[in-house]
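Now for the letters of each chain:
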Amino acid sequence: MERKAVVVVNTAMEGGMQHLLDFTEFCAEWLRTHTRGGRCSVALIYAPEDGNGEVLNRLMQVFERRGIEAKPVLVSGPASALPEKINSLQPEVVFMAESKLGRRIKKELLGLQVEFTDPRRRELKISAAYGMGALILYAVIFISFSSIKGILIQKNLISVGVILGTVLAVAYLYGGTVAHALRYLGIKPGAH
Amino acid sequence: MGGFVPPPGGMSVEFMDLTLETALAVALLGFIGGILSGFLGSGGAFIMTPGMMNLGVPGILAVGSNITHKFGKAIVGSRSHGELGHVDKKLAIMMVVGLLTGVQVAVKVNSQIFESMGRAASNLYISLIFIIVLTAITAVILRDLRRAGRDEERSPELAAKIHRVRIPPVVHFDVAGITVSVWFPLAVAFATGYLAGTIGVGGFIGVPAMIYLLGISTRVAAGTELFLAIFSGAWGAINYALRGYVDLRLVVLLYLGSLVGVQLGAIATEIVEQRVAKVALVTVIATSDLGRIVMIPEYLREMGYIQLEEGVGHLLSMTSTALLFGGALMAIGVIFKKVREAAAVEKESPAPSYR
């Protein structure tokens with residue numbers, strides 16, 4: 001049985017061509033994983049600003065390389081017409097990138113919706129989450145040091161546990177903040 | 001010259017009052033040490049421990065805090081480090097015994113000196129060990145720099161001699177590819193552990209010792225050392241913490257700088273050539289060495305062995321700090337100058353076009 005999917009290629013997506021390629025790679029990978037070698041076809045919906053659909057041809061190659069049939073669907077007109085066009089194709093899965101357009105149309109779509117988050121933005125979010133944890137830990141250590149000092153100088157297993165546990169937590173949380181921030185900047189962190 | 005009167009036994013260390021300036025200086029030490037560590041593979045302790053001592057942290061507390069800092073970094077770093085796949089497990093397990101014994105003895109000696117003879121004697125002892133190690137390393141690196149290109153293919157003759165010594169038990173290590181009397185890896189591990197426990201610098205000695213004395217490949221030596229560093233760090237941290245010689249605030253402040261610095265240093269390794277790395281390294285080690293040498297008269301004065309004019313102690317401390325930071329900043333300056341030059345060359349070359 002053939003499974004149908006629609007990929008909404010949004011020109012308002014940030015990050016340029018590389019981001020579009022990452023998005024389509026993600027869609028192709030998802031389809032290959034979830035259809036386990038079965039046939040599937042993809043319609044790439046795109047509202048071209050340049051009018052020549054050159055972008056779409058490059059994106060189609062990503063699917064074709066993985067043996068997924070892909071066809072371009074060029075849409076002109078307002079964004080409000082997009083859900084109707086997508087639903088008319090009766091897709092089982094609709095892929096969208098995280099964007100204003102995606103948020104606007106997703107309520108009107110039929111079928112399973114899969115949202116793609118920009119890997120760089122994801123790294124930033126993860127870094128911020130780690131950073132928040134590290135900040136709280138640092139604040140606790142420095143604000144309440146006079147209180148925890150009593151435990152630290154006890155010279156017993158509890159003081160050892162508190163010291164090593166805190167050190168590991170700080171190294172993990174702050175290390176995660178730095179590593180994900182570097183990935184956001186496009187730098188692969190080294191391990192030392 | 002006055003006689004030295006040791007303080008009463010059972011002395012315990014006082015945590016310093018941490019001002020904003022001191023906190024920032026510790027974070028900066030972490031940053032500089034991190035860059036050097038990331039760039040050179042290890043060596044951050046050359047600057048972090050003496051740097052903290054110059055800021056007024058007792059030597060034993062600086063060592064205890066630094067070894068605890070290294071432990072956390074080793075645990076977190078080991079999760080993603082590919083080199084952990086190159087561990088000779090049989091060799092590593094055997095070496096752990098010597099390593100932990102070395103750390104244990106070092107912590108015991110360090111604590112004993114501090115508790116029975118006082119802070120100045122402890123600082124003097126740690127500084128003397130630093131001076132011996134740093135002077136030896138400086139000499140070796142300078143010799144390597146002079147010989148550069150002439151003997152790079154030299155076979156480890158000393159290792160071959162050691163392999164011929166058959167004091168039982170003699171064991172074959174598959175991954176390392178050596179057959180050696182177990183007493184040699186145990187001795188190397190003990191020495192590494194002793195230095196790690198005394199001054200917080202272990203791997204920097206352990207890796208070359210494994211390569212040149214035991215004849216192990218660089219990759220297996222580095223992987224095995226990384227594995228061992230977790231144990232020496234953990235054991236050192238536990239032992240120092242059990243004696244109350246770890247200041248948690250110093251550890252987390254070191255992380256603040258070092259975890260960023262280590263990444264910048266690692267990036268620089270891909271750009272800067274080996275010779276520049278060695279020049280940077282020898283600059284840091286030699287100035288750190290001089291910084292420790294300069295402090296010796298002050299420690300002797302504190303112990304009552306010599307007398308110095310008023311203000312001389314302060315001057316010595318300032319000179320030591322200037323040498324330490326000056327050397328490190330000079331080395332980092334050299335590294336980043338090379339990085340900038342490499343970036344400029346890359347910018348001038350035409351970018352590939354996409355089709």
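Sequence order as written defines the numbering, with residues in each chain counted from 1. Here the convention is simple: chains get letters from A, ligands get numbers from 1, in the order in which they are written. Reporting in this predicted model follows two pLDDT cut-offs: at least 70 for local features of residues, and 80 or more for side-chain atom pairs to be given and counted; totals over whole chains, interfaces and linings ignore these cut-offs and use all residues.

Q: Break down the overall build of chain A for me, with residues and values.
A: From N to C terminus, chain A includes 7 helices and 5 strands. Going through the 192 residues of chain A one by one, you find that 30% of them count as buried. Contacts are defined on C-beta atoms placed from the backbone: any two residues whose C-beta positions lie within 7 Å are in contact. Taking as baseline every contact in chain A between residues at least 6 positions apart, the subset at least 24 positions apart corresponds to 67%. The numbering of helices and of strands both runs from the N terminus, where a helix is a DSSP run of H or I of at least 4 residues and a strand a run of E of at least 2. With C-beta atoms placed from the backbone, a residue is labelled by how many other C-beta atoms lie within 10 Å of its own: buried for 20 or more, exposed for 12 or fewer, partly exposed between the two.

Q: Can you tell me about the overall build of chain B, naming the residues and giving the values?
A: Per the secondary structure count, chain B includes 12 helices and 2 strands. By the burial criterion, 51% of the 355 residues in chain B qualify as buried.

Q: Mind laying out the domain arrangement of chain A, listing which residues take part and the relevant values?
A: The split into domains, and so the bounds of each, comes from an automatic or database assignment of domains. As assigned here, chain A comprises domain 1 (3–117) and domain 2 (120–184). Averaged C-alpha coordinates put domain 1 of chain A and domain 2 of chain A at centres separated by 41 Å.

Q: Lay out the packing of helix H7 (residues 157–184) of chain A against helix H10 (residues 248–269) of chain B in plain terms, naming residues and giving numbers.
A: All axes are obtained by fitting lines to C-alpha atoms, using only the stretch in contact for helices, and the reported angles, taken between N-to-C directions, cover 0 to 180 degrees. Contact geometry for H7 of chain A and H10 of chain B: axes closest at 10 Å, N-to-C directions at 25 degrees. Our classification of the angle between H7 of chain A and H10 of chain B gives roughly parallel. The handedness of the crossing between H7 of chain A and H10 of chain B is right-handed. On the side of H7 of chain A, the interface is formed by Ile 163, Thr 166, Val 167, Val 170, Ala 171, Tyr 174, Gly 175, Val 178 and Leu 182 of chain A, while H10 of chain B contributes Leu 248, Val 251, Val 252, Tyr 255, Leu 259, Val 260 and Gln 263 of chain B. Note that Gly is not counted as nonpolar here; it falls among the polar residues with everything else outside the nonpolar set of Ala, Val, Leu, Ile, Met, Phe, Trp, Tyr, Cys and Pro and the charged set of Asp, Glu, Lys and Arg. Of the residues contributing to the contact of H7 of chain A with H10 of chain B, the split by class is 13 nonpolar, 3 polar and no charged. What sets the label is the angle itself: under 35 degrees gives roughly parallel, over 145 gives roughly antiparallel, 65 to 115 gives roughly perpendicular, and the rest give oblique. Crossing handedness: left-handed means the near helix sits turned counterclockwise from the far one by under a right angle, and right-handed means the same turn made clockwise.

Q: Which residues make up the pairing of strand S2 (residues 178–181) of chain B, and what values go with them?
A: All names here are of chain B. Taking every second residue as pointing to the same face, the buried face of S2 carries Ile 178 and Val 180, while none of Thr 179 and Ser 181 on the other face is buried. Of the pairings in the sheet, the one linking strand S1 (residues 170–173) to S2 comprises 4 bridges and is antiparallel in character. Among the inter-strand pairings, Val 171 is bridged to a residue of S2, identified as Val 180. Strands pair, by our definition, only if DSSP identifies at least two bridges between them. Counting the residues between successive antiparallel strands, the hairpin from S1 to S2 contains 4 residues, one of them, Gly 177, with a positive phi of roughly 70 degrees.

Q: Now, about unusual backbone geometry: what can you tell me, with residues and values included?
A: One non-glycine residue, Gln 90 of chain A, lies in the positive phi region at around 50 degrees. Residue classification places Gln 90 of chain A among the exposed positions, given that 10 C-beta atoms sit within 10 Å.

Q: An account of the interface of chain B and chain A is requested, with residue identities and associated values reported.
A: Counting residues at the interface gives 30 residues for chain B and 27 residues for chain A. Within the residue set of the side of chain B that touches chain A, elements represented by two or more residues are helix H1 (20–40), helix H3 (59–78), helix H9 (218–242) and H10 of chain B. The greatest single-element share of the side of chain B that touches chain A, amounting to 11 residues, is contributed by H10 of chain B. Here the side of chain B that touches chain A is composed, by residue class, of 18 nonpolar, 9 polar and 3 charged.

Q: Mind laying out the environment of Leu 329 of chain B, listing which residues take part and the relevant values?
A: Residue position: Leu 329 of chain B is located in helix H12 (residues 312–348). In sequence terms Leu 329 of chain B and Ile 32 of chain B are 297 residues apart; their C-alpha atoms lie 7.7 Å from each other.

Q: Can you lay out the nonpolar core for me, pointing to particular residues and giving the numbers?
A: Here a nonpolar core is just a set of buried residues of the types Ala, Val, Leu, Ile, Met, Phe, Trp, Tyr and Cys, joined wherever their C-beta atoms sit within 7 Å. Counting 122 residues, the largest nonpolar core has Ile 47, Ile 199, Val 201, Tyr 255 and Val 284 of chain B as its most contacted members. If near-sequence neighbours (up to four positions away) are discounted, Ile 47 of chain B is found in contact with Leu 29, Ile 32, Gly 33, Leu 36, Val 284, Ser 288, Leu 324 and Ala 328 of chain B. Membership of the second largest hydrophobic core comes to 31 residues, among which are Val 6, Val 62, Ala 70 and Ala 97 of chain A.

Q: Quick rundown of H9 of chain B? Include the residues and the values.
A: Structural remark: α-helix, 3.6 residues per turn; residues separated by three or four positions point the same way. Residue and element names in this part refer to chain B. Between its first and last C-alpha, H9 extends 35 Å over 25 residues, near the 36 Å set by a 1.5 Å rise per residue. The buried count for H9 comes to 21 of 25 residues, which makes it a mostly enclosed element. Downstream of H9 by one or two residues, Gly 244 has phi in the positive range, about 80 degrees. For a helix, the expected span equals 1.5 Å multiplied by the residue count minus one.

Q: Can you tell me about helix H7 (residues 183–199) of chain B, naming the residues and giving the values?
A: Residue and element names in this part refer to chain B. In this model H7 runs 24 Å from its N-terminal to its C-terminal C-alpha over 17 residues, within 8% of the 24 Å that 1.5 Å per residue would give. Of all 17 residues making up H7, 13 are buried, and the element is well covered by its neighbours. A positive phi of about 80 degrees marks Gly 200, the residue just after H7.

Q: Please provide a residue-by-residue account of the packing of helix H4 (residues 89–117) of chain B against helix H5 (residues 119–147) of chain B, values included.
A: Residues and elements named next belong to chain B. Direction vectors running N to C along H4 and H5 enclose 150 degrees, while the axes themselves pass 7 Å from each other. By the angle between their axes, H4 is roughly antiparallel relative to H5. From H4, Asn 110, Ile 113, Phe 114 and Met 117 reach across to H5, where they touch Arg 119, Ala 121, Ser 122 and Tyr 125. Its residues assigned to classes, the contact of H4 with H5 shows 5 nonpolar, 2 polar and 1 charged.

Q: Tell me what's going on with the environment of Ala 27 of chain B, and back it up with residues and numbers.
A: Relative to the assigned elements, Ala 27 of chain B resides in helix H1. Taking the C-alpha atoms as reference points, Ala 27 of chain B and Leu 256 of chain B, 229 residues apart in sequence, are found 5.7 Å from one another.

Q: Quick one: what's the story with the confidence of the model for chain B, residue by residue and with numbers?
A: Residues and elements named next belong to chain B. Taken as a whole, chain B shows an average pLDDT of 80; of its residues, 86% reach a score of 70 or greater. Counting interchain partners and residues more than four positions distant, the pLDDT-below-50 stretch residues 1–9 has 14 contacts. Counting interchain partners and residues more than four positions distant, the pLDDT-below-50 stretch residues 351–355 has 0 contacts. Here the complex is predicted with pTM 0.77, and the ipTM for its interfaces comes to 0.79. Confidence of the predictor at the level of single residues is captured by pLDDT, which takes values from 0 to 100.

Q: Give a detailed account of the environment of Gln 61 of chain A, specifying residues and quantitative values.
A: Looking at the secondary structure, you find Gln 61 of chain A in helix H2 (residues 54–65). Distance in space between the C-alpha atoms of Gln 61 of chain A and Ile 86 of chain A is 21 Å, their sequence separation being 25 residues.

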